[in-house]
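If you want the building blocks of each chain, they are given just below.
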Amino acid sequence: MSDIRGELEVDTLLKLVLGLVAVVLVLEILEAAISGLAWLLGPFFVIVQLAIAVLIVLWLLDRI
């Protein structure tokens, strides 16, 4: 019975973990930026979201 566990090198595993941490940090920064924008726009943020959704749908349907 052969044991194939532990074939990843430590450097590779550290790079993988560092990459995942970087992704989490970028997502946190984006979340903060979007929440800040929502705070600035206040009640108009829902209207902006609906306008963006309508533009995406129109673009997908080749209407614009």
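Further up the page is the structure itself.
Residues numbered from 1 in each chain as written. Predicted model: local features only at pLDDT ≥ 70, side-chain atom pairs only at ≥ 80, totals over all residues. Heavy atoms only, no water.

Participant: Can you help me understand the overall build of the protein chain in this one?
Facilitator: Assigned secondary structure in the protein chain consists of two helices and zero strands. In the protein chain, buried positions account for 2% of the 64 residues. Roughly 6,300 Å² of accessible area belongs to the protein chain as shown, and the carbon and sulfur atoms make up 75% of that amount. (Helix = DSSP H or I, 4+ residues; strand = E, 2+ residues; numbered from the N terminus. Buried < 20%, exposed > 50% of the residue type's maximum accessible area, 1.4 Å probe, protein only. Areas by Shrake-Rupley, 256 points an atom, 1.4 Å probe, with all protein chains shown as cover.)

Participant: I'm lost on helix α1 (residues 10-41) in this one. Help?
Facilitator: Think of an α-helix as 3.6 residues a turn; residues three or four steps apart then line up on the same face. Taking 1.5 Å of rise per residue, the 32 residues of α1 would be expected to cover 46 Å, and the 47 Å separating its terminal C-alpha atoms lies within 8% of that figure. Trailing α1 by a residue or two, Gly42 shows a phi angle of about 60 degrees, which is positive. (Expected span 1.5 Å × (residues − 1).)

Participant: Would you explain a nonpolar patch on the surface in this entry?
Facilitator: A surface patch of nonpolar side chains, amounting to about 660 Å² of accessible area, comprises Leu8, Leu13, Leu16, Val17, Leu20, Val21 and Leu25. Summarising the element assignment, Val17 is placed in helix α1. The class for Val17 is partly exposed, based on a relative accessible area of 44%. (Patch = residues over 30% accessible without salt bridge, like charges linked within 9 Å, V, L, I, M, F, W, Y side chains within 5 Å. Salt bridge = Lys/Arg side-chain N within 4 Å of Asp/Glu carboxyl O.)

Participant: Please clarify how the packing of α1 against helix α2 (residues 44-60) should be interpreted in this entry.
Facilitator: Two quantities define a packed helix pair, namely the angle between the axes and the distance from one axis to the other. Between α1 and α2, whose axes approach to 7 Å, the crossing angle comes to 115 degrees. For the pair α1 and α2, the contacting residues are Ile34, Leu37, Ala38 and Leu41 in the first and Phe44, Phe45 and Val48 in the second. In the contact of α1 with α2, the residues fall into seven nonpolar, no polar and no charged. (Axes fitted to C-alpha atoms, helices over the stretch in contact; angles between N-to-C directions. Contact = heavy atoms within 4.5 Å. Nonpolar A, V, L, I, M, F, W, Y, C, P; charged D, E, K, R; others polar.)

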